[in-house]
Amino acid sequence: MGQNSHSPVLMAVWDLSVTVEDLGADAPPITVSVTSDLHIGGVILKLVEKSQVKRDWSDHALWWEQKQQWLLRTAWTLEKCGIQADAGLIFMAQHKSLRLGLPNGLTLRLRACFSGPVFRTVLGICKMLNIRRPEELSLLRPVEEKKKKKDKDLSEELHDLTEVPLTSVSRPCLYNGMPAHFADSLQTEKVYKMLSVSQPAPAPEAIAKLYRPASVVDKAHIHSRWLDSSRSLMQQGVQENDRLWLRFKYYCFHDLEPKYDVVRLTQMYEQARWAILLEDIDCTEEEMLLFGAIQYHINKLSLLEPQTMTSSPAMDDLDSALQGLEVKLDGAESSPQDMLENLTAPELNDYLKIFRPKRLTLKGYKQYWFKFKDASISYYKSKEESLGEPIQQINLKGCEAAPDVNVAGQKFCIKLLIPAPEGMNEVYLRCENEEQYSRWMAACRLASKGKSLADRLFQSEVQSILSFLAMQQTNPNTHTDDSMSINTHSLVSPRYSKKYKVKQLTPRILEAYQNVAQLSLTDALLRFLQIWQALPDFGISFVVVRFKGSRKDEVLGIAPNRLIRIDLGVGDVVKTWRYNNMRQWNVNWDIRQVAIEFDGNVNMAFSCVTADCKIVHEFIGGYIFMSTRSREQSDTLNEELFHKLTGGHEAL
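In this text, all values refer to a predicted model and were calculated from it rather than measured experimentally.

Scoring rules and cut-offs
Residues numbered from 1 in each chain as written. Predicted model: local features only at pLDDT ≥ 70, side-chain atom pairs only at ≥ 80, totals over all residues. Heavy atoms only, no water. Phe/Tyr/Trp six-rings, centres within 6.5 Å; stacked < 30°, edge-to-face > 60°. Helix = DSSP H or I, 4+ residues; strand = E, 2+ residues; numbered from the N terminus. Lys NZ or Arg CZ within 6 Å of the ring centre and 35° of its normal. Expected span 1.5 Å × (residues − 1). Buried < 20%, exposed > 50% of the residue type's maximum accessible area, 1.4 Å probe, protein only. pLDDT = per-residue confidence, 0-100. Contact = heavy atoms within 4.5 Å. Pairing = 2+ DSSP bridges. Axes fitted to C-alpha atoms, helices over the stretch in contact; angles between N-to-C directions. Core = buried A, V, L, I, M, F, W, Y, C linked by side-chain atoms within 4.5 Å. Parallel < 35°, antiparallel > 145°, perpendicular 65-115°, else oblique. Left-handed = near helix turned anticlockwise from the far one by under 90°. Nonpolar A, V, L, I, M, F, W, Y, C, P; charged D, E, K, R; others polar. Salt bridge = Lys/Arg side-chain N within 4 Å of Asp/Glu carboxyl O.

1. Here's the deal with the packing of aromatic side chains
Scanning all chains against the criterion turns up 30 aromatic pairs. Centroid distance Tyr 251 to Trp 532: 5.9 Å. Interplanar angle 70°. Geometry classified as edge-to-face. Highlighted residues: Tyr 251 in the loop between β12 (243-248) and α7 (262-277) and Trp 532 in helix α15 (residues 521-533), separated in sequence by 281 residues. An aromatic cluster of three or more residues is present, and its members are Trp 226, Tyr 250, Tyr 579, Phe 619 and Tyr 623. When the ring centre of Trp 76 is taken as reference, the NZ or CZ atom of Lys 80 above it lies at 4.4 Å. A cation sits over an aromatic face here: Arg 430 above Tyr 365, 5.6 Å from the ring centre.

This is the structure in structure tokens:
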């Protein structure tokens, strides 16, 4: 028989001193005698006995300050953790209170997990606030507003939810339309109403005081504030009672169900509304008036009927409402039925005008006969010549199609950015009227995703564009007596408040309001989100980067389905890369460089200037993760896959 490995070799006994946070800042550390083969759980037992405090310690764990890490594996020995007598350990609660700023401007105080990865902390917060699909949100450090000396009374109003238990149920049972854990007291009920009903419009002075990004670089600085999802709050220097923002980070909203998603829908609307009011996203004057009109309508309805969101039978048939709302990443699979449809795909033929800014030969718009087939546009001198060779054929797969429309001025243009080896080529198509524009715009949008006119989405896309244009129609004969109660300058961004007087803006917002006045509260929220999602700059997060081989800083835009290279000098899109052409991406953590390989031997690499490259890596991996979610696995979240796609070298 070999000697038993646990032969009585006496381990040296030594003293380990541990600070117990709950005993207060002035209390001396508690010293316990240990041996190197004692496990972490044993250290905690000794500590608790020696502290002589009777309480529930189950949420407590050891934090190793010098190494900035939690010792959560209680079965590991001190030796395995590498802990010696000089390790300054702190015994503290894993859940602490946090001041959380929401998209609607409210600040909550609630208990959050400081020891698990931020991804899981957000899951816990969203479960408590009843926000489904928590993977679309994350936490970021707030942008500090410049305080003037006079504003001493800015102590913000805090709504305390620290007593509300963190729930483990994924779909909480509802009482009177609110989760049970909010129905316990009048105070928490009040907070839930604030979460689930849109807040009244703030005063224009308050809007003017808030931070507004003045340039793409300013926007990039905001995106450098996202926390790292794979590390804990504590590891990222967040302290108890610190202030963080909860925001939607990934702009692909999956599986929206107004019946269950009251808080989610309201906060999404609030985030969109503030992005527009603070000029974080650009829109035309007509769009701004329409946004103002829908906000006005939502404000009115929110005052009247806080209950309507919970049961609107018309909304149970959700697919129709969601078609316009889901930004799906392009799927590559095509069924035999799709292939058949493509063989017999319909065509669009029309006289349109074309303008190419970069070509010196074409001055202004020229009319040609256009043919749209499969996913490309060909144009000819005239209809008669369309049987021969076209002047040019433009393949639209992977292009960007943005509206350039002014309904009042009867201008209906489509701005196309076509991928080319050296960057993006710009082409404008001008249509005669709404109907023609809606058909061609719908076709371009589908073609950009590699879909043909045979796709069943074509007709619904045409209808959605037509109804959006109809909402911008002005209807001067209908006049309402509402002009007294409308708080005009609170509904538009400061740029328009400065440009127009109230008496100029009010009638125009009320005209636009006539087109949305019939919508229910839920439909109005969905419509607002739909128009937000149709803006050319929707869903783009910016970071300042330096491309390999380049001497100047440029901006990388990260969107739900593509990466965009933007020239800082002119603000032009230089090139677009789609995720579905991506083969692989790597991060060299030592030199902080991201390298990406695309189909067709296209490679690019860049280092990050404003944000940590972990933020960019997480955005790309996060969007690829979002595209793997299907409706079927509705409520299961593959957290492991998220960390695999977004984790840094620490996570592997």
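2. Quick notes on helix α8 (residues 285-304)
If you check α8, its first and last C-alpha atoms are 29 Å apart, about what 20 residues at 1.5 Å a residue would give, namely 28 Å. Most of α8 is tucked away, with 16 of its 20 residues classed as buried.

3. A short note on the confidence of the model for the chain
Confidence along the chain averages 84 in pLDDT terms, with 85% of residues attaining 70 or more. Long-range and interchain partners of residues 339-343, a stretch whose pLDDT sits below 50, account for four contacts in this model, where long-range means more than four residues apart. Low pLDDT, under 50, characterises residues 477-484; the predicted model gives this stretch nine contacts beyond four residues in sequence or across chains.

4. Remarks on the sheet that holds strand β14 (residues 366-373)
Taken in spatial order, the seven strands line up as β16-β15-β14-β13-β19-β18-β17 in an open sheet, and their pairing is antiparallel. Taken across any chain shown, the strands that pair with only one partner, and hence form the sheet edges, are β16 (392-395) and β17 (400-406). Between one strand axis and the next, the sheet turns through 35° on average, direction left out of account. As paired elements, β17 and strand β18 (residues 411-420) share seven bridges and run antiparallel to each other.

5. Observations concerning the pairing of strand β23 (residues 573-578)
Sheet topology places strand β22 (residues 562-566) next to β23; five bridges connect them, and they run antiparallel. What sits directly across from Leu 563, in β23, is Trp 577. Between β22 and β23, which pair antiparallel one after the other, the connecting turn spans six residues, and Gly 571 there sits at a positive phi close to 75°.

6. What to know about the sheet that holds strand β26 (residues 602-608)
One open sheet holds the seven strands; their spatial order is β23-β22-β21-β20-β26-β25-β24, and the pairing between them is antiparallel. The outermost strands of the open sheet, each flanked by one partner alone, are β23 and β24 (582-588). Each strand of the sheet is rotated relative to its neighbour by a mean of 30°, with strand direction disregarded. Two elements, strand β21 (residues 554-558) and β22, share four bridges in a ladder whose sense is antiparallel. Residue Leu 556 lies in a different strand from β22, and its bridge partner there is Arg 565. Running at roughly 100° to strand β20 (residues 541-547), helix α6 (residues 216-223) makes contact with β20 and β21 of the sheet.

7. Things to note about the nonpolar core
If you look at the biggest cluster of nonpolar residues, it comprises 118 residues, and the most contacted ones within it are Leu 129 and Trp 532. Within the second largest apolar cluster, 34 residues are counted, among which are Ile 394, Cys 399, Leu 429 and Met 441.

8. Overview of the pairing of strand β6 (residues 95-101)
With respect to burial, β6 is a largely interior element, five of its seven residues being buried. Of the strand pairs in this sheet, β6 and strand β7 (residues 107-113) are connected by seven bridges, and their pairing is antiparallel. Residue pairing in the sheet places Gly 101 in a bridge with Thr 107 of β7. As consecutive antiparallel partners, β6 and β7 are separated by five residues, and within that stretch Gly 105 has a phi angle of approximately 90°, a positive value. As judged from the three bridges shared by β6 and β12, these two strands associate in the parallel manner. Bridged to Arg 99 within β12 is Arg 243.

9. Description of the packing of helix α16 (residues 613-627) against helix α17 (residues 639-646)
Packing of α16 against α17 brings their axes to within 8 Å, and their N-to-C directions diverge by 140°. The angle between α16 and α17 falls in the class oblique. Viewed along their axes, α16 and α17 form a crossing whose handedness is right-handed. Contacts between α16 and α17 involve Lys 614, His 617, Glu 618, Gly 621, Gly 622, Ile 624, Phe 625 and Met 626 on the former and, on the latter, Leu 641, Phe 642, Leu 645 and Thr 646. Across the contact of α16 with α17, the residue classes tally to six nonpolar, four polar and two charged.

10. Quick look at the environment of Ile 354
Topologically, Ile 354 is positioned in strand β13 (residues 348-355). In this structure, Ile 354 is in contact with Gly 364, Tyr 365, Lys 366, Tyr 368, Phe 370, Tyr 379, Val 427, Tyr 428 and Leu 429, ignoring residues within four places of it in sequence.

11. Re unusual backbone geometry
Backbone geometry follows two general trends: most residues other than glycine have a negative phi, and most peptide bonds adopt the trans configuration. Residues other than glycine seldom take positive phi values, yet Asp 255 does so here, at roughly 60°. Looking at the element boundaries, Asp 255 is found in the loop between β12 and α7. The phi dihedral of Gln 410 falls on the positive side, at around 55°, and the residue is not glycine. For Gln 410, the position within the fold is in the loop between β17 and β18.

12. Concerning helix α4 (residues 186-196)
Structural remark: α-helix, 3.6 residues per turn; residues separated by three or four positions point the same way. Those residues of α4 that fall on the buried side of the exposure criterion are Thr 188, Val 191, Tyr 192, Met 194, Leu 195 and Ser 196. Elements in contact with the buried residues of α4: β7, α3 (118-129), β9 (158-160), β11 (178-179) and α7.

13. What to know about the packing of α8 against α15
Interaxial distance between α8 and α15 falls to 10 Å at its minimum, and their mutual angle equals 155°. Classified by the angle their axes make, α8 and α15 are roughly antiparallel. Judged by the twist between their axes, the crossing of α8 over α15 is left-handed. Contacts between α8 and α15 pair Leu 290, Phe 291, Ile 294, Gln 295, His 297, Ile 298, Leu 301 and Ser 302 from the former with Leu 521, Ala 524, Leu 525, Arg 527, Phe 528, Ile 531 and Trp 532 from the latter.

14. Some details on the environment of Cys 283
Relative to the helices and strands, Cys 283 resides in the loop between α7 and α8. Separated by 255 residues in sequence, Cys 283 and Phe 538 have C-alpha atoms that sit 10.0 Å apart. Those residues in contact with Cys 283 that sit more than four places away from it in its chain are Ile 276, Met 288, Phe 291, Tyr 496 and Leu 535.

15. Notes on the pattern of salt bridges
Under the definition given, this model contains 30 salt bridges. With a shortest N-O distance of 2.9 Å, Lys 96 and Glu 21 are connected by a salt bridge. Note that Lys 96 is positioned in strand β6 and Glu 21 in the loop between β1 (14-20) and β2 (30-34), a separation of 75 residues in sequence. In this structure Glu 21 comes out as partly exposed when scored by relative accessible area, which is 34%. Lys 373 is the partner of Glu 347 in a salt bridge, and the nearest nitrogen-oxygen pair spans 3.9 Å. Here the residue Glu 347 occupies a position in the loop between α10 (336-343) and β13, and Lys 373 occupies one in strand β14, the gap between them amounting to 26 residues.

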